[in-house]
Amino acid sequence: MYNIPVPFVDLDASHAPIIGEIHECIARVVASNNYIKSYEVQRFEENFAGYIGTAHSIGCANGTDALELALEVLELKASDEVIVPVHSWVSTASSVVRTGAKIVFADTLYDEFTIDPKSIEERISPATKAIIVVHLYGNPCRMDEIMALAQKHGIAVIEDCAQAHGAMYKGKKVGSFGLMSCFSFYPTKNLGALGDGGMVLSDNAELIDKIRALAHCGQSSKNVIKYIGRNSRLDALQAAILNVKLPYLDRWNASRRTLADEYRSMLQGSGIELPVEEKDSVHVYHLYVVKAPRREDFIHYLEEQQVGFGIHYPFLLNEVEGMKDGRIYAKANSYKEQIVSMPMYAFMKNNELEGLKKLSSNIINHKYGLV
Ligand SMILES: Cc1ncc(COP(=O)(O)O)c(C=O)c1O
């Protein structure tokens, strides 16, 4: 992934300036003899909740567990329904299937890629108990419309913020709108650990306390087994690394946004459709996803030019075995064969940017006959 002229992701660029701090915190944790449920974890829970703007938080092993734990405390029954966008990473939907409740998909918006509030409204029924919204690629969902619908119908909103650390909607961080929000600290996320990590945040202390126990083998305190729980903890080493990294997150996001501006000026008029930023939103470009007509030709060209890319994702969730519903989601379907994720990370090096500029001018000059 790294050994090509323009890699898809390069973590070295953001790690290099803080490598001393990272080594120092690892040495501190090793010397502490305290690797689980430590001071570092508590400090990161407080720091991250403070950054997002919620009163409470609980670290867990990864973003998938964060979603599963958030759903578990809603105590859903098999007859309950949860609305989920049809276009996201599989964890958003598999977490619902694993509760035993019924998954109901909603379409996504063509320009924004996020869940379409009109489609949510169409899919609400008396059985709807929750909506999971995903700030996909770092782009905030239309939270005003979604929260108004949820309040009108008495439905819980869970925000899947795995791709949107630091994104804002109308001046507030995403992750502070719903009943609960779930984050992943997978290494390539905007705020990533050096391994797996996750977190659930909420203003509701009762829910977070219950998740704290559930994720700690059901213990409300040492050897007091209050629930049938599981082991899903954020470990001290990852929390210490995240404590080092958190103060840099806004700078990294600003650098991603600068690269998005570069793309805008490089690819304008190229025949490739560029991501749209809504006026009330601050997009943090976890992924820079374009729509390319004749995608096969486009990715063949990227391969030829040794420019990294990804497809997030090559399937809609209602095509996954165990979640098939036989419905057509017109908007998500209209772009799913066109999406391509371009290289995106903080502090892209000059020679890499030059590589992208060359690629873009070739695209604009129709060197591979895209348009
Ligand atoms: C939208 C979304 N939800 C959930 C997850 C799950 O996070 P994790 O990989 O930490 O389990 C991811 C991570 O890839 C994601 O992108």
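Before going into details, it helps to say that this report is about the structure given with it. Here the structure is a predicted model, which is why all the values come from computation and not from measurement.

For the rest of this paragraph, the subject is the overall build of the chain. When helices and strands are counted, the chain shows 13 helices and 14 strands. Computed over the C-alpha atoms, the radius of gyration of the chain is 21 Å, within 12% of the 21 Å expected from 2.2 N^0.38 for a compact globule of 371 residues. Each principal axis of the C-alpha distribution contributes one length, and for the chain these read about 70 × 55 × 35 Å. For the chain, with 371 residues in total, the buried portion stands at 47%.

Taken together, 15 residues sit near the ligand, with Asn 62, Gly 63, Thr 64, Ala 162 and Ser 184 positioned nearest. Going through the elements one at a time, helix 4 (63-72) and helix 5 (90-97) are the ones with two or more residues in the shell around the ligand.

If you look at the biggest cluster of nonpolar residues, it comprises 102 residues, and the most contacted ones within it are Ala 70, Cys 182 and Val 200. Looking at this core, the element that brings in the most residues is helix 9 (residues 236-245), giving 6 residues. Cys 182 has contacts with Gly 63, Ala 66, Leu 67, Ala 70, Ile 158, Asp 160, Cys 161, Ala 162, Gly 198 and Val 200, leaving out every residue within four places of it along the chain.

What follows concerns the sheet that holds strand 2 (residues 81-85). Here we have 7 strands laid out as an open sheet, ordered 1-9-8-5-4-2-3, and mixed in their pairing. Of all strands in the sheet, those bounded by a partner on one side alone are strand 1 (56-60) and strand 3 (102-106). Averaged over all pairs of adjacent strands, the angle between their axes in this sheet comes to 20°, without regard to strand direction. Note: strand 4 (residues 128-134) against strand 5 (residues 156-160), 5 bridges, orientation parallel. Counted as the bridge partner of Ala 130 is Ala 156 from strand 5. Lying over the sheet, helix 5 contacts strand 2, strand 3, strand 4 and strand 5, oriented at roughly 170° with respect to strand 2. In this fold helix 8 (residues 205-214) packs onto strand 1, strand 8 (180-184) and strand 9 (198-202), with an angle of close to 20° to the strand it touches most, strand 1.

Along the chain, the position of Glu 40 falls in helix 3 (residues 39-52). Overall, the presence of 25 C-beta atoms within 10 Å leaves Glu 40 in the buried class. Separated by 194 residues in the primary sequence, Glu 40 and Leu 234 place their C-alpha atoms 9.9 Å from one another. If near-sequence neighbours (up to four positions away) are discounted, Glu 40 is found in contact with Val 29, Ala 236, Ala 239, Ala 240 and Asn 243.

Okay, the sheet that holds strand 12 (residues 281-282) next. Taken in spatial order, the 3 strands make up an open sheet running 7-6-12, and their pairing is antiparallel. Only two strands of the sheet have a single partner each, and these edge strands are strand 7 (172-173) and strand 12. The pairing of strand 6 (residues 168-169) with strand 12 spans 2 bridges and is antiparallel. Pairing of Met 168 across the sheet is with Val 282, part of strand 12.

The geometry of helix 2 (residues 19-32) relative to helix 9 is characterised by a closest axis approach of 9 Å and an angle of 145° between their N-to-C directions. Between helix 2 and helix 9 the crossing geometry is right-handed. Contacts between helix 2 and helix 9 involve Glu 21, Ile 22, Cys 25, Ile 26, Arg 28 and Val 29 on the former and, on the latter, Ala 236, Leu 237, Ala 240, Ile 241 and Val 244. Residues of the contact of helix 2 with helix 9, tallied by class, amount to 9 nonpolar, no polar and 2 charged.

Take helix 4 next. Helical geometry: 3.6 residues make up each α-helical turn, so side chains three or four residues apart lie on a common side. With 10 of its 10 residues buried, helix 4 lies for the most part within the structure. Looking only at helix 4, the buried set comprises Gly 63, Thr 64, Asp 65, Ala 66, Leu 67, Glu 68, Leu 69, Ala 70, Leu 71 and Glu 72. Buried residues along helix 4 sit against strand 1, helix 5, strand 5, strand 8, strand 9 and helix 8.

Helix length check: helix 2, at 14 residues, gives a terminal C-alpha distance of 20 Å against a target of 20 Å (1.5 Å per residue), a fit within 8%. Asn 33 lies just past helix 2 and shows a positive phi near 60°.

Moving on to the environment of Asp 10. By secondary structure assignment, the location of Asp 10 is in the segment before helix 1 (12-15). Here the alpha-carbon distance between Asp 10 and Met 344, two residues 334 residues apart in the chain, equals 8.5 Å.

Each value, and the rule that gives it
- Residues numbered from 1 in each chain as written.
- Predicted model: local features only at pLDDT ≥ 70, side-chain atom pairs only at ≥ 80, totals over all residues.
- Helix = DSSP H or I, 4+ residues; strand = E, 2+ residues; numbered from the N terminus.
- Rg over C-alpha atoms; globule rule 2.2 N^0.38 Å.
- Buried ≥ 20, exposed ≤ 12 C-beta atoms within 10 Å, placed from the backbone.
- Near = placed C-beta within 6 Å.
- Core = buried A, V, L, I, M, F, W, Y, C linked by C-beta atoms within 7 Å.
- Contact = placed C-beta atoms within 7 Å.
- Pairing = 2+ DSSP bridges.
- Axes fitted to C-alpha atoms, helices over the stretch in contact; angles between N-to-C directions.
- Left-handed = near helix turned anticlockwise from the far one by under 90°.
- Nonpolar A, V, L, I, M, F, W, Y, C, P; charged D, E, K, R; others polar.
- Expected span 1.5 Å × (residues − 1).

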